[in-house]
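Each chain is listed here by its residues.
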Amino acid sequence: MPGAPDQDGTRAFPPAVTRPAGEQAPASAPGALSVVVAGGGSAGHIEPALAVADAIRRLVPGARVTALGTEKGLDTQLIPARGYQLELIPPVPLPRKPSADLLKLPGNVLGAVRRVREVLESVEADVVVGFGGFVSLPAYLGARGRVPIVVHEANARAGLANKVGARFAAAVATAVPGTGLANEEVVGMPLRRTITTLDRAALRPEARTYFNLPPHGPVLLVFGGSQGSRTLNEAVAESLPAFTGRGISVLHAYGRDGTPADPRPGYFPMPYIDRMDLAYAASDVVLARSGMTTVAELTAVGLPAVYVPLPHGNGEQALNARPVVQAGGGKLVQDEDMNGERAIDELIPMLTDPDLALAMGRRAKAAGHGEADEKLARIVMEVAGR
């Protein structure tokens with residue numbers, strides 16, 4: 001059967017190399033704004049941190065931005081490749097359940113906090129911005145009482161690190177309302193400019209050619225995370241004849257561990273899509289999970305979608321999609337209800353009625369926050385007194 005184990009439902013763009021990997025950014029002039037971002041670990045934490053870092057550099061030329069990270073995860077790959085100084089701290093895994101690792105937590109945190117304080121002093125930090133995850137907790141504790149803190153929470157339900165940091169933060173920003181964090185200000189999910197400035201119509205011919213898609217006719221884009229989604233892959237396999245039979249092309253990222261549907265004209269499978277900007281430009285409607293990055297990107301580019309939340313965790317993926325669904329820019333189908341028949345019922349009306357798809361796309365974009373990177377950057381500057 002087509003499919004692969006679901007992951008978190010999010011995916012990130014490959015890094016745009018602006019400086020050779022490993023080469024540190026030059027030090028700023030004395031007195032320049034110095035910002036430390038803590039978003040290491042997963043791409044879901046790193047990408048918004050770097051989007052805000054980019055925005056700070058646009059707004060404050062000469063600002064120094066330093067990123068905290070560990071040797072684990074994607075930190076050493078993504079951060080230096082974007083031209084930012086990476087300072088490594090000891091990893092501090094946050095156990096979700098009682099275990100032997102829980103007993104090691106105080107010692108692990110203490111060592112990481114000491115290292116954070118060394119970094120803050122060496123770069124003369126004016127402000128620390130955390131994006132959750134195991135890098136942020138020692139960053140918050142190391143900065144407490146020394147350097148003002150800004151917290152950004154990407155999910156509808158806040159994680160442990162941000163719950164701690166928000167207690168003594170100067171400002172708390174969130175991607176969606178209702179996170180449970182006190183004094184939250186909804187700014188949206190910071191995204192890189194290649195998405196927030198994407199002109200889908202202008203890029204559409206190039207995008208269709210890139211994926212060997214027909215130049216005309218509706219296109220359904222399906223993706224479910226880098227490893228793939230069993231639920232979405234099976235729904236595509238079951239509904240594919242109905243889509244292609246109506247002249248609908250299907251661009252399907254089935255996951256690196258997944259299996260595509262049976263080949264047929266109009267079906268364009270690949271394990272992973274590196275150029276998601278082109279995939280968005282080529283497509284009319286999307287079937288996807290509802291990780292916060294996915295929801296933020298689809299609303300930023302104005303694409304209507306059927307969201308199928310990952311059924312694990314604490315239900316945050318359904319909450320992530322709620323604002324855009326309530327605005328009429330998408331639909332929500334629970335994982336246990338998604339199959340080939342449901343995919344046909346939900347998607348074909350959108351794909352065969354261009355006016356409906358365009359209207360839903362406009363509502364999706366209106367529900368998004370394409371300016372979140374600069375909004376958060378300005379909050380950071382205000383907290384830093386700049």
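Note: the structure precedes this text.
Every value quoted in this text rests on a predicted model; they were computed, and no experiment measured them.

(A) Focus on the nonpolar core. Counting residues in hydrophobic clusters, the biggest one holds 40 residues, and the most contacted among them are Leu 221, Leu 251 and Tyr 280. Elements with a minimum of two residues in this core: helix H7 (200-210), strand S8 (219-223), strand S9 (249-253), helix H9 (276-282), strand S11 (285-288), helix H10 (292-301), strand S12 (305-307) and helix H11 (316-326). Not counting the four nearest positions on each side in its chain, Leu 251 is found in contact with Phe 211, Leu 213, Val 219, Leu 220, Leu 221, Val 222, Phe 268, Met 270, Ile 273 and Ala 279. Ranked by size, the runner-up nonpolar core spans 31 residues in total, among them Ala 55, Leu 86, Phe 131 and Val 187.

(B) Local environment of the packing of H10 against H11. Contact geometry of H10 with H11 gives a least axis separation of 9 Å together with a crossing angle of 20 degrees. Between H10 and H11, the angle falls in the class roughly parallel. Judged by the twist between their axes, the crossing of H10 over H11 is left-handed. Note on element contacts: H11 touches H10 through Asn 320, Ala 321 and Val 324, opposite Met 292, Val 295 and Thr 299. Its residues assigned to classes, the contact of H10 with H11 comprises four nonpolar, two polar and no charged.

(C) A look at unusual backbone geometry. Even without a glycine there, the phi angle at Glu 124 is positive, about 50 degrees. For Asn 212, which is not glycine, the phi torsion reads 60 degrees and is therefore positive. With respect to the secondary-structure elements, Asn 212 resides in the loop between H7 and S8. For Asn 212, a relative accessible area of 62% gives the class exposed.

Conventions and cut-offs
- Residues numbered from 1 in each chain as written.
- Predicted model: local features only at pLDDT ≥ 70, side-chain atom pairs only at ≥ 80, totals over all residues.
- Heavy atoms only, no water.
- Core = buried A, V, L, I, M, F, W, Y, C linked by side-chain atoms within 4.5 Å.
- Buried < 20%, exposed > 50% of the residue type's maximum accessible area, 1.4 Å probe, protein only.
- Helix = DSSP H or I, 4+ residues; strand = E, 2+ residues; numbered from the N terminus.
- Contact = heavy atoms within 4.5 Å.
- Axes fitted to C-alpha atoms, helices over the stretch in contact; angles between N-to-C directions.
- Parallel < 35°, antiparallel > 145°, perpendicular 65-115°, else oblique.
- Left-handed = near helix turned anticlockwise from the far one by under 90°.
- Nonpolar A, V, L, I, M, F, W, Y, C, P; charged D, E, K, R; others polar.

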